[in-house]
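Each chain, written out:
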Amino acid sequence: EREPSSCERHRDSAAAGASGGFLAFFRPRPPAGQYVPQCEEGGAYRPTQCHPAAGQCWCVDAQGQEVPNTRTTDTPPLCIDQAVAPLPVGPTPRPDVIPVAPGARLLFAQSGKMEQIPLEGGAMRKENTSTLLHIPDRVVIAVAFDCVDQTVYWSDITGPAISKASLSGGDITPVITKDLESPEGLAVDHVARLLFWTDSVRDTVEVSRLDGSQRHLLFDTDLVNPRPIVTDPTYGRLYWADWNRDGPKIESANMDGSERTVLVKDNLALPNALTFDPEAQLLCWADAAQTRRTLQIYF
């Protein structure tokens, strides 16, 4: 059995009478006109307290103290339960959004270094940002992550090159170093163990094994400035955006290059970032000339 709460002790003390002593033991109710706190079933003070004899009601905080300027004489005031944490101020989270797992981090590139921000729920802990990898005299553009081997891949336009390194440490390993000019998009298929990239100077979309072997050209036509690229390993689909100022578009194809199709071509200006939510089947992009947008993908 739990210990009596402060409200319950306050109530029992008031019910026993202010005078105490021998006669208080026989007193079944508090003296006429005396205020007795009202408690919730769990022991907390009720947010609204009333004194029937005085005909007044008021709000109290979690400690039972009266909240100033809440006392009324006609109708009870509307009081907030101070024992319950207030609702957060800000956008309401979507019910279908799954919080990130503990220990999740956001990887991003800034010039010659890659950094990481710890994620907690739906918040980014920017104060805990740390450098993952520092590569002086290099310009890192795209970053991709292999969740199976815990390996980060990146493209460097000063090499140019595509390289990788393990999160647990170790040397940098070159993956693709030839026939590159400006690799600005990079994506990993962790299921099929494939690496996809775009080259905005060669105007190509290519694929290889994660070690750079079995390199294959997927597309080299009808491309002007291909940049971001993402994969949907579950359905074997590939998405990329073409930053063509005269005709920007977002395209999709199977990972073998078949069924190429234009998904979005209207209301685009400079689509320079893509991400894919496999749970909700949502393709999201950022437009350097507009606000971010999302597209529902159905199969």
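Scroll up to find the structure.
Residues numbered from 1 in each chain as written. Predicted model: local features only at pLDDT ≥ 70, side-chain atom pairs only at ≥ 80, totals over all residues. Heavy atoms only, no water.

Structural notes on the packing of aromatic side chains
Thinking step 1. Counted by the stated rule, this structure contains 3 aromatic pairs.
Thinking step 2. Both rings, one in tyrosine 239 and one in phenylalanine 276, keep their centres 5.4 Å apart while their planes meet at 15°; by these two values the pair is stacked. Of this pair, tyrosine 239 sits in strand β16 (residues 237-242) while phenylalanine 276 sits in strand β19 (residues 271-277), placing them 37 residues apart in sequence.
Thinking step 3. Judged by relative accessible area, tyrosine 239 falls into the buried class, the value being 1%. (Phe/Tyr/Trp six-rings, centres within 6.5 Å; stacked < 30°, edge-to-face > 60°. Helix = DSSP H or I, 4+ residues; strand = E, 2+ residues; numbered from the N terminus. Buried < 20%, exposed > 50% of the residue type's maximum accessible area, 1.4 Å probe, protein only.)

Here we look at the state of the cysteines
Thinking step 1. All told, the structure shown has 3 disulfides when counted by the stated rule.
Thinking step 2. Across a sulfur-sulfur distance of 1.9 Å, cysteine 59 and cysteine 79 are joined as a disulfide pair. Classification of the bridge connecting cysteine 59 and cysteine 79 rests on its S-S torsion, roughly -80°, and on that basis the disulfide is left-handed. In this pair, cysteine 59 is assigned in strand β2 (residues 56-59) and cysteine 79 in the loop between β2 and β3 (105-110), connecting sequence segments 20 residues apart.
Thinking step 3. Cysteine 79 sits in the buried class, given a relative accessible area of 19%.
Thinking step 4. With cysteine numbering restricted to those in disulfides and following the sequence, the chain has the pairing 1-2, 3-4, 5-6. (Disulfide = S-S within 2.5 Å.)

Observations regarding the pattern of salt bridges
Thinking step 1. Enumeration over the complete set of coordinates arrives at 14 salt bridges.
Thinking step 2. A salt bridge links glutamate 251 to arginine 260, with the shortest nitrogen-to-oxygen separation between them at 2.8 Å.
Thinking step 3. For glutamate 251, a relative accessible area of 2% translates into the label buried.
Thinking step 4. Residue arginine 260 is classed as partly exposed on the basis of its relative accessible area, which comes to 25%. (Salt bridge = Lys/Arg side-chain N within 4 Å of Asp/Glu carboxyl O.)

Digging into the side chain of arginine 237
Thinking step 1. On the secondary structure map, arginine 237 appears in strand β16.
Thinking step 2. The class for arginine 237 is buried, based on a relative accessible area of 10%.
Thinking step 3. Polar side-chain contacts of arginine 237 include one of 2.7 Å to the side chain of serine 252. (Polar contact = N/O pair within 3.5 Å; in protein donor to acceptor, adjacent residues only side chain to side chain.)

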